[in-house]
Amino acid sequence: MTDVSTFDELVRRATGRPNFVPYPYQVRLADEGLPELLAVPTGTGKTMAAVLPWLYRRRFHPDITVRQATPRRLVFVLPMRVLVEQTMSVIGGWLGGLGLTEEVGLEVLMGGEPRVAPWRTHTERDMIIVGTLDMVLSRSLNRGYGESRYIWPIDFGIFNNDCHFVYDEIQLMGPALATSRQLHGLRQALGTAAPCASTWMSATVPEERLATFDCPRVTSRVELASSDLASGLAVRLEASKQVSELVVADPKRYEREVATAVVSRHRAGTLSIVVVNTVERARSVFKEVVKSGTSADVVLLHSRFRPRDRKRQADRALAAPDSAAGRIVVSTQVIEAGVDVSASVLLTEAAPWPSVVQRAGRCNRDGLQPEAQFLWVEPPGAAPYEKEDVAAAVVELRTLEGASVTPPMLGSRTVTVTEEIHPVLRRKDLVELFDTLPDLTGNDIDVSRFIRESDELDVAVAWRRFADDGPAADDPMPGRDERCQVAVGAFRKVMKSAGFKAWRYDHLLSHWVGCRDNDLRPGMVVLVESGAGRYTPESGWDPDSKVAVEPVVDVPASDDRSTEDDPASTNGTWLSLQQHLADTERETRHHFSVIATPGLTDAHQAAAVHAARLHDIGKAHDHFQAALRQTANTDAERANMPVDDVILAKGGSGRLRHRPDRPNFRHELVSALALLGEGSVALREVHEADLVVYLVAAHHGRIRLGIRAMPGEQKADGPTVVLGVHDGDHLVAVHVHDGCEIPASVMDLSVMEMGEREGRLSWSARVLDLRDRADVGPFRLGYLEAVVRLADWAASASPFSDKELHDV
């Protein structure tokens, strides 16, 4: 581990620049901590100001109480995907310079992440997660976009505890700004297992826009002081550029005129940037620049690329010009925030004033570009912005014609911007989102209105080769590198084209089905046959392209999509139930021994340990044991299968298949019913018995607030059947490793009925009480749920040896 005694030394080592001196306000953040609002202009080192002070306070501050009070995860939230790779690269360089790449995790969150994402499997590590608004906030709201619904609760527990969120370029957040503020206030009001904090960064958003019902005030604010203005920042803050308007007389020649203007003003060996307001116009201008015959390297940059293509385009766009001819970048709003480039010529469409200020910050950003030009043009339409906002910016820009301006000059001007009206997340909404069970029609509570504007909502599109009748039922979900984010409206329009087909995965039917345009929902993953086109590596999503799309060779993580899936039980290693329960308990105890959770009581932690000890007792059910033994997939697995009287927790490498009379069988329901019945004797000395039973039932994400039969399970002439468990089923006695004995039990499904029966509360009543208790609440409950589930995963991945078991 790097030995660092001061913040200045940390910065010098991180940057590899022995004479580098951090700005005074950055030093102030390292000494005092990150504020709620960091209000400094673009180009003044906000990324460094957020990351390195957190790292210093978490790992190097001389006061151990400061280190312990600093959340272990820094979640850096960006409004656009193209910004993520650059931010990851910069932070990765800092960690490398400090020799911390093994000790501090650096992970990306842009959708389609594998089930074993490191923030789940390495919760004890200090970690920096760089992600987009939609991916981070959807996980905080228990509806993780692009992820299995059964993983949602894990990320809900992780992303609402022990995190410091940094929201960059908040003028681009839309409804997510109020949502992030509400989450901050609700975490404080409802309580968390470990403290969370949040920082919002922007110099162009009035502080009053941060006021929400549950978070009405900004409690701390940092802005530049006189000492900052006297430091090396002066070069950037005084960097000037000359303003001039490009007038396009013929709207039919708009894209060509814009392209001609930037090509004619481009200087050899320098960077020129065109920023337009829509992806469609960006593609058109790009094609016109290429057609002009310019010798400059021409790059198109927007958010509608597959990750590998997007990274390649971003790397080209952001690198120093590598030829005498220089480079011309045609981009959308993705370049106006968080991108550290310095153009000699920048041509932008008029946009709301905060966006104009941000875009201007990319022109002569470093103060080293002589005679920098800032051109602007009135666009043919205001979309995606409000017409009044664009018009107000046009009026203001015309007053600056011919003037030489600096970032502070532009930022200080008062220009009217429409106050946006968005749905606001309230406590009732957040609490209702704790339930991840879909409604009777298979739909979920829609959180998209809390995250993005309606016309910014995306589906993830992947291209593969398959037959005309669609992908095979067991084709895996696309991995992250296969996916291109496409606006729902844009994809819906293409779906109406003659002969165009798409497929989505149906979690109830457990296979791929044809997707209609009215099926589309934000965050949905859609498969398209490669021959359908609509994408190229150079232009990204392109609804006009009919060229076949080359599929990305990607190996997705194991799927966990249908109700009956249980991939962790079939890992190819025979393991006794007794050993697995001991392993999981040990993992849970280890978690609490290394991670401080001041918001949890000893009874809360003990409940999680008890739940880990008992979570899989339902696997002793005769049906599950028979199905597990049938997963032997090789001669070696069959030869090594334990004798029949050994109760197993893990089996062979084949898929776990249930009998036709027990589809959707869930062993965790058996575990919970046993503990509510005869097995309750094991909880007599436990202070939080209901919490234990809930954590047992929830350890696969299928049974949480509600217990519901699957379609076709209820028959008038037979016993009640829920998730493959029959009312009256018997469970044999189970011996747990520490001498605890769970007696033979009979399954009583009456617990799923509403109300109170013979003094016995229903399942929903028990869980609602936990969710709504002042000392538990949704965030603590979600955290405990995640702890037990992740302990189960860790125990499944790396069983302890028999010798170690005796020490548990």
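Residues numbered from 1 in each chain as written. Predicted model: local features only at pLDDT ≥ 70, side-chain atom pairs only at ≥ 80, totals over all residues. Heavy atoms only, no water.

Participant: Any chance you could break down the overall build of the chain for me, citing the residues and the numbers?
Facilitator: Helix and strand counts for the chain come out as 28 helices and 31 strands. Dimensions along the principal axes, computed over C-alpha positions, put the chain at roughly 85 × 65 × 50 Å. Relative to its full complement of 808 residues, the chain shows a buried share of 60%. For the chain, restricting intrachain contacts to residue pairs at least 6 apart in sequence, the fraction spanning at least 24 positions comes to 75%. For the chain, the computed accessible surface area is about 31300 Å², with 51% contributed by carbon and sulfur atoms. (Helix = DSSP H or I, 4+ residues; strand = E, 2+ residues; numbered from the N terminus. Buried < 20%, exposed > 50% of the residue type's maximum accessible area, 1.4 Å probe, protein only. Contact = heavy atoms within 4.5 Å. Areas by Shrake-Rupley, 256 points an atom, 1.4 Å probe, with all protein chains shown as cover.)

Participant: An account of the sheet that holds strand E11 (residues 327–331) is requested, with residue identities and associated values reported.
Facilitator: Spatially, E10-E11-E9-E12-E13-E8-E14 is the arrangement adopted by the seven strands of the open sheet, whose pairing is mixed. With partners counted over all chains shown, the strands left at the sheet margins are strand E10 (297–301) and strand E14 (404–405), one partner each. The sheet contacts of helix H14 (residues 307–318) involve strand E9 (271–275), E10 and E11, and relative to E10 the element is tilted by about 130°. Along the sheet, helix H16 (residues 387–398) contacts strand E8 (241–246) and strand E13 (373–377); its crossing angle with E13, the most-contacted strand, is approximately 140°. (Pairing = 2+ DSSP bridges. Axes fitted to C-alpha atoms, helices over the stretch in contact; angles between N-to-C directions.)

Participant: Before we move on, could you go through the packing of aromatic side chains and cite the residues and values that matter?
Facilitator: In this description, an aromatic ring pair is defined by two values, namely the gap between the centres and the angle between the planes. According to the stated counting rule, one finds 12 aromatic pairs in the structure shown. Centroid distance Phe156 to Phe434: 6.1 Å. Interplanar angle 75°. Geometry classified as edge-to-face. One end of the pair, Phe156, is in helix H8 (residues 152–158); the other, Phe434, is in the loop between helix H18 (427–432) and strand E15 (458–464), and 278 residues separate them in sequence. Residue classification places Phe434 among the buried residues on the basis of a relative accessible area of 0%. (Phe/Tyr/Trp six-rings, centres within 6.5 Å; stacked < 30°, edge-to-face > 60°.)

Participant: I'd like a rundown of the packing of helix H24 (residues 667–676) against helix H25 (residues 689–697), residues and numbers included.
Facilitator: For any two helices packed against each other, one specifies the crossing angle of their axes together with the interaxial distance. Close contact between H24 and H25 brings their axes to 8 Å; oriented N to C, the two are set at 165°. Judged by the angle between their axes, H24 and H25 are roughly antiparallel. For the pair H24 and H25, the sense of crossing is right-handed. Along its contact with H24, which presents Glu668, Ser671, Ala672, Leu675 and Leu676, the element H25 presents Val693, Val696 and Ala697. (Parallel < 35°, antiparallel > 145°, perpendicular 65-115°, else oblique. Left-handed = near helix turned anticlockwise from the far one by under 90°.)

Participant: Which residues make up the sheet that holds strand E2 (residues 73–78), and what values do they have?
Facilitator: As summarised here, the arrangement of the seven strands in space is E3-E4-E2-E5-E6-E1-E7, forming an open sheet in which the pairing is parallel. Pairing within the sheet leaves two strands with one partner each, and these edge strands are strand E3 (104–109) and strand E7 (221–223). In this sheet, adjacent strand axes meet at a mean angle of 15° when their direction is disregarded. In this structure, E2 lies alongside strand E5 (residues 163–168), joined through five bridges in parallel fashion. Among the inter-strand pairings, Phe76 is bridged to a residue of E5, identified as Val166. Sitting on the sheet, helix H7 (residues 133–140) is in contact with E2, E3, strand E4 (126–132) and E5, with an inclination near 115° to E4. Running over the sheet, helix H9 (residues 175–190) touches E5 and strand E6 (197–201) and is turned about 155° from E6.

Participant: Kindly report on the pairing of E2, identifying the contributing residues and their values.
Facilitator: Counting buried residues in E2 gives six out of six residues, a clear majority hidden from the surface. Burial along E2 is two-sided: the residues Arg73, Val75 and Val77 and Leu74, Phe76 and Leu78 are all buried. Summarising the sheet, E2 and E4 pair through six bridges and their orientation is parallel. Its bridge partner being in E4, Val75 is matched across the sheet by Ile129.

Participant: How would you explain the nonpolar core if you had to name every residue and give the values?
Facilitator: Membership of the largest hydrophobic core comes to 110 residues, with the highest contact counts inside it found for Leu141, Phe159, Phe165, Tyr167, Leu669, Tyr694 and Trp763. Sorting elements by how many residues they give to this core places helix H27 (residues 777–797) first, with nine residues. Each residue touching Tyr167, except ones within four places of it in the same chain, is listed here: Val77, Leu133, Leu137, Met173, Ser180, Ser198, Thr199, Trp200 and Met201. Counting residues in each nonpolar core, the second largest holds 81 residues, with Tyr25, Met48, Phe76 and Val299 among its members. (Core = buried A, V, L, I, M, F, W, Y, C linked by side-chain atoms within 4.5 Å.)

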